[in-house]
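Fold and geometry: a report
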Amino acid sequence: MITFEQALQVVLDAVGKKADLPKERCEYVSLEDSCGRVLQQVVKTDRDTPPFHKSAMDGYACTYADLEQGRPMRLLEVVPAGTTPKYQITGGCCSKVMTGAMVPQGAEYVLMVEDAIVEDNTVCTAPHCRIAPHKTNICLRGEDVQAGVPLLNLGAFLKPQHIAMLAAYGYTELCVAIKPKVGIISTGDELVEPSVTPSDVQIRNSNGWQLLAQVSRAGASPSYYGIVQDKAQALRAALMQALKENAVVVLSGGVSMGDFDMVPEVLKSLGVNILFDRVAVQPGKPTLFGVWNNGGDSRYLFGLPGNPVSSFIQFELMVRPLLMSLMGAFPQAITLRLPLSHPYRRKSAERMAHLPMEIDESGRCNLLNYNGSGHITALNTAHGMARIPLGVLELQEDAAVEVILL
Ligand code: AMP
Ligand code: MG
């Protein structure tokens, strides 16, 4: 049985990492469709930010000396945002500026409206007001970023917080990686879809729907092939179709050692090269990965265990990095090291374990009540999964553990 690190390396090596994809694997999308996609171009600033000396407050633009000496100032004009000031500021005068407006030349300070007393076109500092020389309320041209600076590189996964920036620098269309197609198959004679009332011995297919959501969140394009019975012929037909129609196939169930777990046998008969079928992880030991050659074009296949927590974790740990690599992006699981809130002990240390956890009020890692890989509701309030390394049997309170945020 190989370790998790070895298995992940096999997966990444099978794809080969390239940040810049060939043209045929890229497309242009509009700004509004770019969130959740992987960038295939460099994004740069086209102007200084702020583009001019900008007022951070509604107030009076003036010289510092006038404020320091408490001199009354004659009001020259009102400058709304989006207009150019007409007058320069010199001693004894000021202009009213709105937040976001260009500050007139010569101004050193914006006195907030709350701190000013205005009478007969003359502005004075209110008695309660204290002038702090470093807090000028003026954002200087280019202080955030200057023109021509690269902001995002090829391989960046676009998130909502990137979108304002793209808009600010005039990007209306972006070159992104085409979404890989991912076929999803649920296997198991006991499964029914959520719309069906299960008999006593049936269970609802939860994995298939979970996988659809995970594939979408990863920025790929899922197709659902439904529930397939544990019959070699049915599995063969569904797998063949899914392998032909998708870059990646993810199936769940049927990969363990049970009498009806026939996925490995069927895959071999289809000519899928199985690169591993057991990984020293818990949950998720029977995770399988293979490559199928479709006339020179590689198709990747994951067989995930049927239990929904196993399937969830193994998707995040192995399938997601593969999808990221196919899009020229870099795996980006966010990990933390947090102290354990209670001591931890387990019976066997032969596998790397992942346990649902929450971050408690003191910032420690609190392991949640968890019965094992079928206990999907344990993930309900989980902030992440705590990773217990292979070979570690027990941990003291406050021992640092690695946490993968979900
Ligand atoms: P298997 O990996 O096929 O041996 O299944 C392991 C466990 O997961 C069994 O209890 C199955 O009933 C359950 N299971 C398999 N597939 C699914 C699914 N799609 N949704 C929910 N549970 C499943
Ligand atoms: Mg099964």
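Relevant structure appears above.
Read on for a plain summary of the structure.

A closer look at the sheet that holds strand S5 (residues 73-79)
- One open sheet holds the six strands; their spatial order is S7-S4-S6-S5-S9-S8, and the pairing between them is mixed. The open sheet has two free edges, formed respectively by strand S7 (109-112) and strand S8 (116-119), since each of these has just one partner strand. The sheet shows a mean angle of 40° between the axes of neighbouring strands, taken without regard to direction.
- Bridge count between strand S4 (residues 59-62) and S7: four bridges; the pairing is antiparallel.

Points about the site of ligand 1
- Lining the immediate environment of ligand 1, one finds 17 residues, of which Glu190, Asn205, Ser206, Gly254 and Gly306 sit closest.
- At 2.8 Å, a backbone N or O of Gly306 approaches an oxygen atom of ligand 1.
- Contact between ligand 1 and Asn307: an oxygen atom at 3.1 Å from a main-chain N or O atom of the residue.
- In the complex, 78% of the free accessible area of ligand 1, which totals 480 Å², lies under the protein chains.
- For the shell around ligand 1, the secondary structure elements donating two or more residues are strand S13 (181-187) and strand S15 (203-204).
- For the shell around ligand 1, the class distribution of residues is three nonpolar, 11 polar and three charged.

Here's the deal with the packing of helix H1 (residues 4-15) against helix H7 (residues 308-326)
- It is at 9 Å that the axes of H1 and H7 come closest, and there the two elements cross at 25°. With respect to H7, the axis of H1 lies roughly parallel. Of the two possible hands of crossing, H1 and H7 adopt the one that is right-handed. Residues Phe4, Ala7, Leu8, Val11, Leu12 and Val15 of H1 form the contact with H7, whose participating residues are Leu317, Met318, Pro321, Leu322, Ser325 and Leu326.

Structural notes on the nonpolar core
- Among the nonpolar cores identified, the biggest contains 53 residues, and Val248, Phe302, Met318, Leu322 and Leu323 are the most heavily contacted of them.
- In terms of residues, this core owes the most to one element, H7, which gives 10 residues.
- Excluding residues that lie within four positions of it along the chain, Leu323 makes contacts with Pro180, Val182, Ala218, Ala220, Val248 and Phe315.
- Formed by 20 residues, the second largest nonpolar core is a distinct cluster that contains Leu235, Leu251, Val263 and Leu267.

Examining the environment of Ala353
- Within the secondary structure, Ala353 sits in strand S24 (residues 352-359).
- Considered as a pair, Ala353 and Pro389 are 36 residues apart in the sequence and their alpha carbons are 6.6 Å apart.
- For Ala353, the residues in contact, after removing those within four places along its chain, are Gln282, Arg346, Ala386, Arg387 and Ile388.

A look at a nonpolar patch on the surface
- Together, Ile334, Leu336, Ile359 and Leu405 make up an exposed nonpolar region whose accessible area comes to about 280 Å².
- Within the element layout of this structure, Leu336 appears in strand S22 (residues 335-339).
- Its relative accessible area of 31% is what places Leu336 among the partly exposed residues.

Here's the deal with the pairing of strand S17 (residues 248-252)
- Taken across its five residues, S17 has five buried, putting it largely inside the fold.
- Both faces of S17 are covered, namely the face carrying Val248, Val250 and Ser252 and the face carrying Val249 and Leu251.
- Pairing between S13 and S17: five bridges, direction parallel. For Ser186, the partnering residue across the bridge sits in S17 and is Ser252.
- Across five bridges, the pairing between S17 and strand S21 (residues 297-304) is parallel. For Val250, the partnering residue across the bridge sits in S21 and is Phe302.

A word on the sheet that holds strand S20 (residues 288-294)
- Reading across from one edge, S16-S13-S17-S21-S20-S18 is the order of the six strands in this open sheet, with mixed pairing throughout. With partners counted over all chains shown, the strands left at the sheet margins are strand S16 (221-228) and strand S18 (273-276), one partner each. Each strand axis lies, on average, 20° off the axis of its neighbour in the sheet, ignoring direction.
- Set on the sheet, H1 makes contact with S18, S20 and S21; between it and S18 the angle comes to about 140°.

Some points on the pattern of salt bridges
- All told, the structure shown has 11 salt bridges when counted by the stated rule.
- Across the pair Asp48 and Arg141 runs a salt bridge, and its minimum N-O distance is 2.9 Å. Here Asp48, found in the loop between strand S2 (43-44) and strand S3 (54-55), pairs with Arg141, found in the loop between strand S10 (138-139) and strand S11 (150-152); they are 93 residues apart in sequence, far enough to count as distant.
- Here Arg320 makes a salt bridge to Glu316, at a shortest N to O gap of 3.6 Å. You can see Arg320 and its partner Glu316 sitting in helix H7, four residues apart, about one turn around the helix. Taken as a pair, Arg320 and Glu316 share a single burial class, namely buried.
- Here the salt bridges share partners, and the residues they tie into one network are Arg217, Glu316 and Arg320.

A word on unusual backbone geometry
- For the bond running from Thr49 to Pro50, omega is -10°, close enough to zero to count as cis.
- Along the chain, Pro50 turns up in the loop between S2 and S3.
- The backbone of Asp120 sits at a positive phi, close to 50°, despite the residue not being glycine.

Rules behind the numbers
- Residues numbered from 1 in each chain as written.
- Chains lettered and ligands numbered in written order.
- Predicted model: local features only at pLDDT ≥ 70, side-chain atom pairs only at ≥ 80, totals over all residues.
- Heavy atoms only, no water.
- Pairing = 2+ DSSP bridges.
- Helix = DSSP H or I, 4+ residues; strand = E, 2+ residues; numbered from the N terminus.
- Axes fitted to C-alpha atoms, helices over the stretch in contact; angles between N-to-C directions.
- Near = heavy atom within 4 Å.
- Polar contact = N/O pair within 3.5 Å; in protein donor to acceptor, adjacent residues only side chain to side chain.
- Areas by Shrake-Rupley, 256 points an atom, 1.4 Å probe, with all protein chains shown as cover.
- Nonpolar A, V, L, I, M, F, W, Y, C, P; charged D, E, K, R; others polar.
- Parallel < 35°, antiparallel > 145°, perpendicular 65-115°, else oblique.
- Left-handed = near helix turned anticlockwise from the far one by under 90°.
- Contact = heavy atoms within 4.5 Å.
- Core = buried A, V, L, I, M, F, W, Y, C linked by side-chain atoms within 4.5 Å.
- Buried < 20%, exposed > 50% of the residue type's maximum accessible area, 1.4 Å probe, protein only.
- Patch = residues over 30% accessible without salt bridge, like charges linked within 9 Å, V, L, I, M, F, W, Y side chains within 5 Å.
- Salt bridge = Lys/Arg side-chain N within 4 Å of Asp/Glu carboxyl O.

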